[in-house]
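# Survey of secondary and tertiary structure
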Amino acid sequence: MSSPDKNLALLIILAGPTGTGKSTLCDGITGKHAGIQRVITSTTRAPREGEVNGEHYYFFSQEEFDQKIEEGAFYEYAEVHQAQHRYGTLKSEIQGKLAADQDLIMNIDVQGVASFQRAAENDPLLKQRLVTVFLMPPSLEEIERRLVERGKEDRSAIDQRLATASKEMPLWNTYDFCLVSGTREEDFSKVESIWMAEKLRVARLDG
Ligand code: 5GP
């Protein structure tokens, strides 16, 4: 019989429309808690200033990315942001760490989450450990306000992001949890609570 104090490592995935600070949340949680690590994903996009290979992403050429697909090295991969760049999650970044009791958190796009949910159907380790969290923006108007305030994109890029967001918002009920994004502190403590509660779920401990 399994013991109730068993530590079962989880893979927490945060996803949802733009403008909810998912990546800041991931960094906040891993920065505060030594017990949870961020999954480093892969991309074909060029590094931005200050980004380091193997720390922010694994930066692959198109050929390297194709090679990884051929090897079956990804749990999932997707073209994000109008098919400009490919992003993917390497199995090697997850399997060994979960087996070694390391809790993990990551932020990927909604296509990636759907792929993980499908993969979990035939993957007992993933099925037992996956926790999906949808971050819902309070409204489209609020996303627009946040994007304008952030000032990183021009009007047409903002409109594109808003169109994508309105397509993504109805997906909330396919996730384990949905939280409506509030202040950074509120979102942070809700994600912490989800993490803590999911570690104690009897169905996982007894599985
Ligand atoms: P950025 O290029 O701004 O770093 O990331 C763009 C988007 O790619 C983010 O919304 C992030 O959620 C998504 N992303 C990052 N890594 C992965 C991944 O491995 N798979 C998928 N499907 N999306 C990812």
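Above this note sits the structure.
Residues numbered from 1 in each chain as written. Predicted model: local features only at pLDDT ≥ 70, side-chain atom pairs only at ≥ 80, totals over all residues. Heavy atoms only, no water.

### Some thoughts on the nonpolar core
Grouped together as the largest cluster of nonpolar side chains are 21 residues, with contacts concentrated most on Leu11, Ile13, Ile94, Met106 and Phe116. Counting only elements with at least two residues in this core, the list comes to strand 1 (11–15), strand 7 (103–107), helix 4 (110–121) and strand 8 (130–136). Not counting residues up to four positions away in its chain, the partners in contact with Leu11 are Val39, Ile94, Leu98, Leu104, Met106, Phe116, Leu126, Arg129, Leu130 and Val131. Within the second largest apolar cluster, 16 residues are counted, among which are Cys26, Leu135, Leu179 and Phe188. (Core = buried A, V, L, I, M, F, W, Y, C linked by side-chain atoms within 4.5 Å. Buried < 20%, exposed > 50% of the residue type's maximum accessible area, 1.4 Å probe, protein only. Helix = DSSP H or I, 4+ residues; strand = E, 2+ residues; numbered from the N terminus. Contact = heavy atoms within 4.5 Å.)

### Some words on the side chain of His33
The topology assignment puts His33 in the loop between helix 1 (22–32) and strand 2 (36–38). Within the structure, the side chain of His33 is placed 2.6 Å from the side chain of Glu192, a separation counted as a polar contact. Every residue in contact with His33, bar those within four places of it in the chain, is listed here: Glu192 and Trp195. (Polar contact = N/O pair within 3.5 Å; in protein donor to acceptor, adjacent residues only side chain to side chain.)

### Some words on the environment of Thr43
By the element assignment, Thr43 lies in strand 3 (residues 42–43). When its relative accessible area of 0% is taken as the criterion, Thr43 is described as buried. Beyond its immediate stretch of four places on either side in the chain, Thr43 contacts Tyr57, Tyr58, Phe59, Phe60, His85, Arg86 and Tyr87.

### What about the side chain of Lys22?
Looking at where Lys22 falls in the secondary structure, it is placed in helix 1. Reaching out from Lys22, the side chain makes a polar contact with the backbone oxygen of Gly16 at a distance of 2.9 Å.

### Here we look at the site of the ligand
Near the ligand there are 15 residues, and of these Arg45, Tyr57, Glu76, Tyr87 and Asp109 occur at the shortest range. Interatomic distance of 2.8 Å between a side-chain N/O atom of Thr41 and a nitrogen atom of the ligand. The contact in question runs from an oxygen atom of the ligand to an N or O atom on the side chain of Arg48, over 3.0 Å. Relative to its free-state accessible area of 520 Å², the ligand is covered by the protein chains to the extent of 87%. Of all the elements in the fold, those that place two or more residues in the shell around the ligand are strand 5 (74–80) and strand 6 (85–90). Of the residues contributing to the shell around the ligand, the split by class is five nonpolar, six polar and four charged. (Near = heavy atom within 4 Å. Areas by Shrake-Rupley, 256 points an atom, 1.4 Å probe, with all protein chains shown as cover. Nonpolar A, V, L, I, M, F, W, Y, C, P; charged D, E, K, R; others polar.)

So, to be careful, I would describe these as geometric facts and stop short of saying anything about function.
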